[in-house]
Amino acid sequence: MTLDLATITLREAMTGLDNRDFSVFELTRETLLRIRATEPDLHAYVEVFEEDALKTALFHDRSREAHKARRPLTGLPIGIKDIFDIAGKRTMCGSKIREDVEVAHYDAETVHRLRRDGAIFTGKTVTQEFAAGVVSPPCRNPWDLDRIPGGSSGGSAASVAIGTSLGAMGSDTGGSIRIPASLTGTVGLKPTYGRLPMKGIYPLSPALDTPGPIARSVADALLLYLVIANRREDVANVDAMLEPFGAKGLEGVRLGVLTSFFTDNLQPDVHASFLAAVATLKSLGAEVIECDWAEAQAARSVAALINRVESAAVHHDHIRGDEADLIDPDTRLRFEVGALVPGDLYLRARVAREAVRDSIARVYARHQLDAIVAPTLAATAPRADNLMVDLPDGPEGVGPALTRLTMPWNATGQPVISVPCGFDRDELPIGLSIVGRPDDELGISRIAHQYEGATAWFQTHARADTV
Amino acid sequence: MPDRPPPTATVTAEELRVLLGIAGLTVSEDRAPAVLAEFNAQLAHGRQIDSVLDGARESGFPPYDPTFPKITLEDDAT
């Protein structure tokens, strides 16, 4: 197997290592060289761990020579969003407030699990300040350097898209895994809220925060999810877990398409790609059922209110002290406004969260759905110098425009996987979301894998020569 | 006593100044309009959730459970 970081997936690299087509050191060195070549324009990383990564690579190669058993991620280059603690490294959260912060003493629990299973950390990836936003400056989109990668896990998604990591960790409070995955043509998996440990991850809104992987294929994303979920008995069985439903791929699978809200006010190319994706799913044997979720807008509002109030509480001291002037003005405004929301409104949002969860559960029960499919976003990547999104109803600010379709699933806490489903007229990626019942990460991955195998979107990659 | 406005009612610039003082926040004059606009946008979210609170307001504050409630087709006759 040729080591081509423009196209190789995590699991292909694993096969290449197993077959001795290349060593861990070679894979690591090539990844670091690619980082050096692309970072001046891409800015996906806050800090690159060249020396640590090469040392760890040599250790893994010597272990292999000693015929020690390979661990699930041995030697595979993984990026870590800079809100996750890595022992001995600073967690700066993209904020000037934390530029002089002491190094972390321990790995975040999810980072520990990746390290334990053999991952090599390439570095800390760029996040929007305190994971609060969708732009991720100064990182740019590898498909078009004049555009944003999305956020807040923008550096993770950009590095995966360009091949300066083969998988990366993100976190999702209002869409921060799925938004950059959709805008960079990568796969983003937001697991079920509340199931994965947040220990060692800087919080934004504890009632919503969810860590998860960004990867180049559904199988890669599932593998990383199984590792961070501590499902060690399953990591060797990813292929079996992704087997087709029947001969056509999705026979007997019932997929809901929501007829309003999620198909309203989409960019025309996004809408067309979504309809084409639904047609592909049908061709694979899935039964597609049109259904309505009247509470979708309320679900978005629930997530928005909880997010704002809790993030204001997390940053209580930051917005009231001398440090306030160090916060990006837009981020500061978010936190200040959250601090003004009355407590009874927050409590109403918490109660309403149960109501919207109940309402979506009824949609699944009424139509006996295995999953819901929807566009991940209403738009493709906006320009970095004009953070307005052109939509049929008129231009909208990048924040509300990009979180409109992602936040409802943070309110319900359901698992969602976003996969590439096409390109717009400017050759910018478009994402499709597959939304599962709680705890059904495997089910949505299995559906997404069949879709992936039936399309060519996953074989189209951002090219380093455009960077 | 006059009726108390609902917590989701749009606020004015003057009311915002009072709220900022209560919250212990200092916002310069040039930033105040943006804060006011964003705050009223959040209050609009509050009005959106009113539609799902009918009957739910008295249901207490259950601990979060990520699993769906058990619902059968028979339960869902409505």
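Structure: above.
Below: a short report on this structure.

1. Overview of the nonpolar core
Residues and elements named next belong to chain A.
Inference 1: Core analysis: the biggest nonpolar cluster contains 167 residues, and Leu114, Trp293 and Leu432 have the highest contact counts within it.
Inference 2: Sort the elements by how many residues they give to this core and helix α12 (residues 343-367) lands first, with 12 residues.
Inference 3: Here Trp293 is in contact with Leu258, Phe262, Ala299, Val356, Ser359, Ile360, Val363, Pro408, Trp409 and Thr412, once residues within four sequence places are set aside.

2. Notes on the pattern of salt bridges
Inference 1: Taken as a whole, this structure holds 29 salt bridges over all chains when the rule is applied.
Inference 2: For Arg332(A), the salt bridge is made with Asp325(A), and the minimal N-O distance between the two is 2.9 Å.
Inference 3: Connected through shared salt-bridge partners, Asp325(A), Arg332(A), Glu336(A) and Arg31(B) make up one network.

3. Comments concerning unusual backbone geometry
Residue and element names in this part refer to chain A.
Inference 1: For the peptide bond that leads from Pro137 to Pro138, omega is 5°, which places it in the cis range.
Inference 2: Among the structural elements, Pro138 can be located in the loop between β3 (120-125) and α5 (154-162).
Inference 3: Phi is positive for Asp439, close to 70°, though the residue is something other than glycine.
Inference 4: Summarising the element assignment, Asp439 is placed in the loop between β13 (429-436) and α15 (441-454).
Inference 5: Take Asp439: its relative accessible area is 31%, and that puts it in the partly exposed class.

4. Some words on the interface of chain A and chain B
Inference 1: At the junction of the two partners, chain A supplies 49 residues and chain B supplies 41 residues.
Inference 2: When the two sides are added together, the surface that chain A and chain B hide from each other amounts to roughly 3900 Å², 68% of it contributed by carbon and sulfur.
Inference 3: At the surface where chain A touches chain B, the tally comes to three salt bridges.
Inference 4: Between Arg348(A) and Asp50(B) there is a salt bridge, with the nearest N and O atoms lying 2.3 Å from each other.
Inference 5: At the surface where chain A touches chain B, the tally comes to five residue pairs in polar contact (both at pLDDT 80 or more).

What counts and how
Residues numbered from 1 in each chain as written. Chains lettered and ligands numbered in written order. Predicted model: local features only at pLDDT ≥ 70, side-chain atom pairs only at ≥ 80, totals over all residues. Heavy atoms only, no water. Core = buried A, V, L, I, M, F, W, Y, C linked by side-chain atoms within 4.5 Å. Buried < 20%, exposed > 50% of the residue type's maximum accessible area, 1.4 Å probe, protein only. Helix = DSSP H or I, 4+ residues; strand = E, 2+ residues; numbered from the N terminus. Contact = heavy atoms within 4.5 Å. Salt bridge = Lys/Arg side-chain N within 4 Å of Asp/Glu carboxyl O. Buried area = accessible area lost by both parts, 1.4 Å probe. Polar contact = N/O pair within 3.5 Å; in protein donor to acceptor, adjacent residues only side chain to side chain.

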